[in-house]
Amino acid sequence: MKNRLLRPFLPLLLPLLLAACSGNEAPRAAEFVPPTPAESDFGTLRVRYNAIPTLSLSAEVARQYGVERDAGTALVLVALRQVENGEERDADGTLKASALDLSGTRQAIGLRSVDTGDYTDHIGTARISPRNTYRFEVVVTSGGRTETVKFQRNF
């Protein structure tokens, strides 16, 4: 019986309820959220890093890196640079990388060196699934010190 009494008022109540949700605020433009920095400095050592789906690579770049373009694979790229007087040059070091997904599954990422002109980059691949978030951790040993870089990417 109560439902029958409220039924004629539902079309009037709905706009009031929706207005209450917005607090009568005017629509606002979307705010730009800057991307997470893709580099970290440890003294004069600069570590650049990224993880991108291999499908976003051009066929030429995939060939250059020796990776297969696949919807379930991300390319993990780490570059070590020595910074002196504002100039960067290649830096030597060893790296160990892993990725952790939202379910808590951790995977080790084997990195290998690839020459890219004047620099050497370190690349590997990680298995990814759509609509999942991955937390990457890269342990870098260079110049007698060990540092850890952590970053997150959504796929």
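Residues numbered from 1 in each chain as written. Predicted model: local features only at pLDDT ≥ 70, side-chain atom pairs only at ≥ 80, totals over all residues. Heavy atoms only, no water.

1. Examining the overall build of the protein chain
Helix and strand content of the protein chain: three helices and ten strands. Going residue by residue from the N terminus, the α and β elements of the protein chain occur as α-α-β-β-α-β-β-β-β-β-β-β-β. Considering the protein chain as a whole, with its 155 residues, one finds that 31% of them fall into the buried category. Contacts in the protein chain between residues at least 24 apart in sequence constitute 55% of all its contacts with a sequence separation of at least 6. Taken as a whole, the protein chain presents about 10700 Å² of accessible surface, with 54% of it coming from carbon and sulfur. (Helix = DSSP H or I, 4+ residues; strand = E, 2+ residues; numbered from the N terminus. Buried < 20%, exposed > 50% of the residue type's maximum accessible area, 1.4 Å probe, protein only. Contact = heavy atoms within 4.5 Å. Areas by Shrake-Rupley, 256 points an atom, 1.4 Å probe, with all protein chains shown as cover.)

2. With respect to unusual backbone geometry
Backbone geometry at Asn 85 places phi at a positive 55°, although glycine is not the residue there. Take Asn 85: it is sitting in the loop between strand E3 (73–84) and strand E4 (87–90). Owing to a relative accessible area of 83%, Asn 85 belongs among the exposed residues under this scheme. Of note in the backbone geometry, Arg 131 takes a positive phi value of approximately 55° without being a glycine.

3. Here we look at the packing of aromatic side chains
In the structure shown here, the tally under the stated rule is four aromatic pairs. Taking 5.0 Å as the distance between ring centres and 15° as the angle between the ring planes, the aromatic pair formed by Phe 136 and Phe 151 counts as stacked. With Phe 136 in strand E9 (residues 133–142) and Phe 151 in strand E10 (residues 145–154), this residue pair connects regions lying 15 residues apart in the sequence. Here the two residues Phe 136 and Phe 151 agree in accessibility, since each one is buried. The rings of Tyr 49, Tyr 134, Phe 136, Phe 151 and Phe 155 are connected pair by pair, giving a single aromatic cluster. (Phe/Tyr/Trp six-rings, centres within 6.5 Å; stacked < 30°, edge-to-face > 60°.)

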